[in-house]
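An overview of the molecular structure
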Amino acid sequence: MRMSQVLTILANEPGERIAVKTIFGALSDRSFALLVVLLGLPNCLPMPPPIPALCAVVLIVVAGQMVFLRPSPWLPRSLMTRSVPRADFVRAVGRALPFVNRLERWSQPRWNLFDARMGGVLSGLLLMSLAIGMLFAAPFIGQVPFGVAVCLVGLGQVERDGLLVVSGIVAGVIGTALSAGFLYAVFKTVESMI
C-alpha cells in the first residue's frame with residue numbers, strides 16, 4: 001500500500017477524532033516509514049499546541065526504536081489511546097495528498113544506502129534530531145519545515161528513495177536555521193528590554 005492510499009483510508013475514518021491505534025491499524029509491512037509520514041503530516045501546516053509536541057514525542061519514541069533495529073513500532077498504551085481531531089487530520093491530508101501523489105509518481109528506488117541495515121539506524125538518528133527540533137520550534141509555524149522534513153524522510157523510506165531522504169535532511173537544516181534565527185531574535189529583544 002502506498003502512502004496516498006493509507007492517507008485516504010485514514011481520512012475517511014468515521015468519528016470526530018482519530019486515535020493513534022487507528023493509525024497503527026492502517027499500517028502495513030513498512031509500518032515505521034508510514035508512521036513517520038503520518039507523524040510529520042500534521043506539522044506541515046501551522047497547528048496549535050499540543051499537536052506538534054505530541055507528534056514530536058511519539059516520533060522520538062519511534063525513532064529510538066528504529067535506532068535499536070526493532071522489527072515493528074511499539075507505543076505505550078497511554079500514547080496509543082491519544083487522538084487528534086479528525087477535522088485537522090482531514091485538512092492536513094487534503095493539503096498534502098496532491099504533493100504526495102506527485103512525489104509517488106516521481107520517486108523510484110535509488111541510493112540504497114538508506115535501505116540497508118545501517119541506513120535504518122542513521123534514519124532513526126536523523127528523525128530523532130528532527131523531532132527534537134519540532135519539539136522546540138517556534139509556536140504555530142516553526143514546526144512546518146520540520147514537518148516537511150519528516151514527511152520527506154518517511155516517504156523516502158516508503159518508496160525506497162534515498163534522494164527524498166536527502167531532501168528531508170535539507171528541509172531539516174532550513175528548519176533548524178529558522179528556529180535558531182527566531183530564538184536569536186527573542187534573545188535580542190529580551191536583552192534590549194533589560
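Whatever comes next refers back to the structure up there.
What comes next concerns the included structure. (Residues numbered from 1 in each chain as written. Predicted model: local features only at pLDDT ≥ 70, side-chain atom pairs only at ≥ 80, totals over all residues. Heavy atoms only, no water.)

Notes on the overall build of the chain
- Along the chain, the regular secondary structure elements total nine helices and two strands.
- Radius of gyration (C-alpha) of the chain: 16 Å, near the 16 Å computed for a compact globule of 194 residues.
- In the chain, buried positions account for 49% of the 194 residues.
- Counting only contacts in the chain whose residues sit at least 6 apart along the sequence, the fraction spanning at least 24 positions is 76%.
- On the chain, the mean spot of the 16 positive side-chain charges and the mean spot of the 9 negative ones are 2 Å from each other. (Helix = DSSP H or I, 4+ residues; strand = E, 2+ residues; numbered from the N terminus. Rg over C-alpha atoms; globule rule 2.2 N^0.38 Å. Buried < 20%, exposed > 50% of the residue type's maximum accessible area, 1.4 Å probe, protein only. Contact = heavy atoms within 4.5 Å. Lys, Arg positive; Asp, Glu negative; His and termini not counted. Charge placed at Lys NZ, Arg CZ, Asp CG, Glu CD.)

Some points on the packing of helix H3 (residues 31-40) against helix H8 (residues 144-158)
- Packing of H3 against H8 brings their axes to within 8 Å, and their N-to-C directions diverge by 160 degrees. Between H3 and H8, the angle is such that the two are roughly antiparallel. Helix-helix and strand crossings are classified by hand; for H3 and H8 the assignment is left-handed. Contacts from Ala33, Leu34, Val36, Val37 and Gly40 of H3 reach H8 at Gly147, Val150, Cys151, Gly154, Leu155, Gln157 and Val158. (Axes fitted to C-alpha atoms, helices over the stretch in contact; angles between N-to-C directions. Parallel < 35°, antiparallel > 145°, perpendicular 65-115°, else oblique. Left-handed = near helix turned anticlockwise from the far one by under 90°.)

Description of H3
- Where burial is concerned, most of H3 is hidden: 10 out of the 10 residues are buried.
- Ser31, Phe32, Ala33, Leu34, Leu35, Val36, Val37, Leu38, Leu39 and Gly40 are the residues of H3 that are buried.

Re empty space enclosed by the protein
- Applying the stated rule across the entire model yields two cavities of 30 Å³ or more.
- The volume enclosed by the largest cavity comes to roughly 150 Å³.
- The set of elements that each furnish at least two residues to the lining of the largest cavity consists of helix H2 (20-25), H3, helix H4 (51-67) and strand S2 (83-85).
- Residue composition of the lining of the largest cavity, by class: 12 nonpolar, one polar and no charged.
- Taken as a whole, the second largest cavity holds about 30 Å³ of empty space. (1 Å grid on protein atoms, 1.4 Å probe; cavity = no way out; pocket = protein on both sides within 12 Å on 5 of 7 lines; lining within 4 Å. Points joined across faces, edges and corners; volume = space filled by probe spheres on them. Nonpolar A, V, L, I, M, F, W, Y, C, P; charged D, E, K, R; others polar.)

Focus on unusual backbone geometry
- Positive phi outside glycine occurs at Leu69, with the angle close to 60 degrees.
- Mapped onto the secondary structure, Leu69 falls in the loop between H4 and helix H5 (77-80).

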